[in-house]
Amino acid sequence: MNVQIESTWKEQLQGEFNQAYFQHLTEAVRQEYLTTTCYPPGRLIFNAFNLCPFDRVKVVIIGQDPYHEPGQAHGLSFSVMDGVPFPPSLQNIFKEIHDDLGTPIPMTGNLTRWAEQGVLLLNASLSVRAHQANSHSQLGWQTFTDAAIRSLATHREHIVYMLWGSYARGKAYMIDRQRNLVLESVHPSPLSANRGGWFGQHQFSRCNEYLSQNGIAPIEW
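Nothing here was measured: the structure is a model prediction, and the numbers come from that model.

## As for empty space enclosed by the protein
If you roll a probe as big as a water molecule over the atoms, it shows you where there is empty space left.
Here is step 1: Summed over all chains, the structure comprises 1 cavity of 30 Å³ or more.
Here is step 2: In this structure, the largest cavity encloses a volume near 30 Å³.
Here is step 3: Taken together, Pro40, Ile45, Pro66, Gly75, Asn123, Ser125 and Leu126 form the lining of the largest cavity.
Here is step 4: Its residues placed into classes, the lining of the largest cavity shows 4 nonpolar, 3 polar and no charged.

## Looking at the pairing of strand 2 (residues 59-63)
Here is step 1: Within strand 2, 5 of the 5 residues are buried, which leaves the element mostly enclosed by the surrounding structure.
Here is step 2: Covered by surrounding structure in strand 2 are Val59, Ile61 and Gly63 together with Val60 and Ile62, the residues of both alternating faces.
Here is step 3: Sheet topology note: the strand 2/strand 3 (residues 119-123) ladder contains 5 bridges and is parallel. Of the residues in strand 3, the one forming a bridge with Gly63 is Asn123.
Here is step 4: As paired elements, strand 2 and strand 5 (residues 160-164) share 3 bridges and run parallel to each other. Looking at strand 5, one finds that Val59 is bridged to Val160.

## Looking at helix 4 (residues 88-101)
Here is step 1: Compared with an ideal rise of 1.5 Å per residue, which puts 14 residues at 20 Å, helix 4 spans 20 Å between its outermost C-alpha atoms and is within 8% of the ideal.
Here is step 2: Of all the residues in helix 4, the buried ones are Ser89, Leu90, Asn92, Ile93, Phe94, Glu96, Ile97 and Asp100.
Here is step 3: Elements that come into contact with the buried residues of helix 4 comprise helix 5 (112-115), strand 5, helix 8 (190-193) and helix 9 (203-213).
Here is step 4: Remark: Gly102 follows helix 4 within two positions and exhibits a positive phi of approximately 80°.

## Looking at helix 1 (residues 7-17)
Here is step 1: Residues of helix 1 that are buried: Thr8, Trp9, Leu13, Glu16 and Phe17. Along the axis of helix 1, the buried positions cluster into a sector of 165°, meaning they face one direction only. Across from the buried face of helix 1, at angles greater than 90 degrees, the exposed residues are Ser7, Glu11 and Gly15.
Here is step 2: In this structure, the buried residues of helix 1 make contact with helix 2 (20-35), helix 3 (47-51), strand 3 and helix 6 (141-155).

## Overview of the packing of helix 1 against helix 6
Here is step 1: For the pair helix 1 and helix 6, the least separation of the axes is 10 Å and the interaxial angle reads 130°. Our classification of the angle between helix 1 and helix 6 gives oblique. Regarding helix 1 and helix 6, the two cross each other, and that crossing is right-handed. Residue-level contacts link Trp9, Gln12, Leu13, Glu16 and Phe17 of helix 1 to Thr143, Phe144, Ala147, Ala148, Ser151, Leu152 and His155 of helix 6.
Here is step 2: A class-by-class count of the residues in the contact of helix 1 with helix 6 yields 7 nonpolar, 4 polar and 1 charged.

## A look at the environment of Ser137
Here is step 1: Assignment of secondary structure puts Ser137 in the loop between strand 4 (128-129) and helix 6.
Here is step 2: You can call Ser137 buried: its relative accessible area is 17%.
Here is step 3: Sequence spacing of Ser137 and Ile216 is 79 residues, and the spatial spacing of their C-alpha atoms is 34 Å.
Here is step 4: Beyond its immediate sequence surroundings of up to four residues, Ser137 is in contact with Ser125 and Gln142.
Here is step 5: Looking at Ser137, its side chain comes within polar contact range of the main-chain oxygen of Asn134, at 2.8 Å.

What counts as what
Residues numbered from 1 in each chain as written. Predicted model: local features only at pLDDT ≥ 70, side-chain atom pairs only at ≥ 80, totals over all residues. Heavy atoms only, no water. 1 Å grid on protein atoms, 1.4 Å probe; cavity = no way out; pocket = protein on both sides within 12 Å on 5 of 7 lines; lining within 4 Å. Points joined across faces, edges and corners; volume = space filled by probe spheres on them. Nonpolar A, V, L, I, M, F, W, Y, C, P; charged D, E, K, R; others polar. Buried < 20%, exposed > 50% of the residue type's maximum accessible area, 1.4 Å probe, protein only. Helix = DSSP H or I, 4+ residues; strand = E, 2+ residues; numbered from the N terminus. Pairing = 2+ DSSP bridges. Expected span 1.5 Å × (residues − 1). Contact = heavy atoms within 4.5 Å. Arc of directions from axis to C-beta. Axes fitted to C-alpha atoms, helices over the stretch in contact; angles between N-to-C directions. Parallel < 35°, antiparallel > 145°, perpendicular 65-115°, else oblique. Left-handed = near helix turned anticlockwise from the far one by under 90°. Polar contact = N/O pair within 3.5 Å; in protein donor to acceptor, adjacent residues only side chain to side chain.

Below, the structure written as structure tokens:
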């Protein structure tokens, strides 16, 4: 199967594309997009991979599935398109970055600038039906995105994995903590963050310190 995805990721994930689950997934997603409103736009489903090639990944941030309201999702976890109000989780992310690093709150919630620096903003499911959270979670996306995480864990090192909330933290078993940095916390959503364990964790400065210690350019958050 010829999947339109960035070349280094295509090489790493080639073994997935001809598997039965991926063919079923592709057909199911195609039917969903033909018969219902789905997000992100089809051309942006693999946006996280296309903006952040395999050999340039420095940081991995795992979300659960795309935003499911109009105009928000564009293929990057936690990110929204220019001009879209910040969702609550993203507000808390920016607040923590401000408190941690002293950087001003940005004018846009578009995190393309992070992706282009090497932050893989990966949702476990890469598509969703409008207004229905997790509606594509049973189609097979997790098998594919887990394969991407495993490929990084196997072939790369000195990557910072930011695992926020129980769902993302459930991916930690795939990651060698001797060769990478794993930063775990509660989810930045207000329901979790306001109970404690999100603010004041200094994840973003710890991330940059680790990258710098390993000769890798830090992220401009």
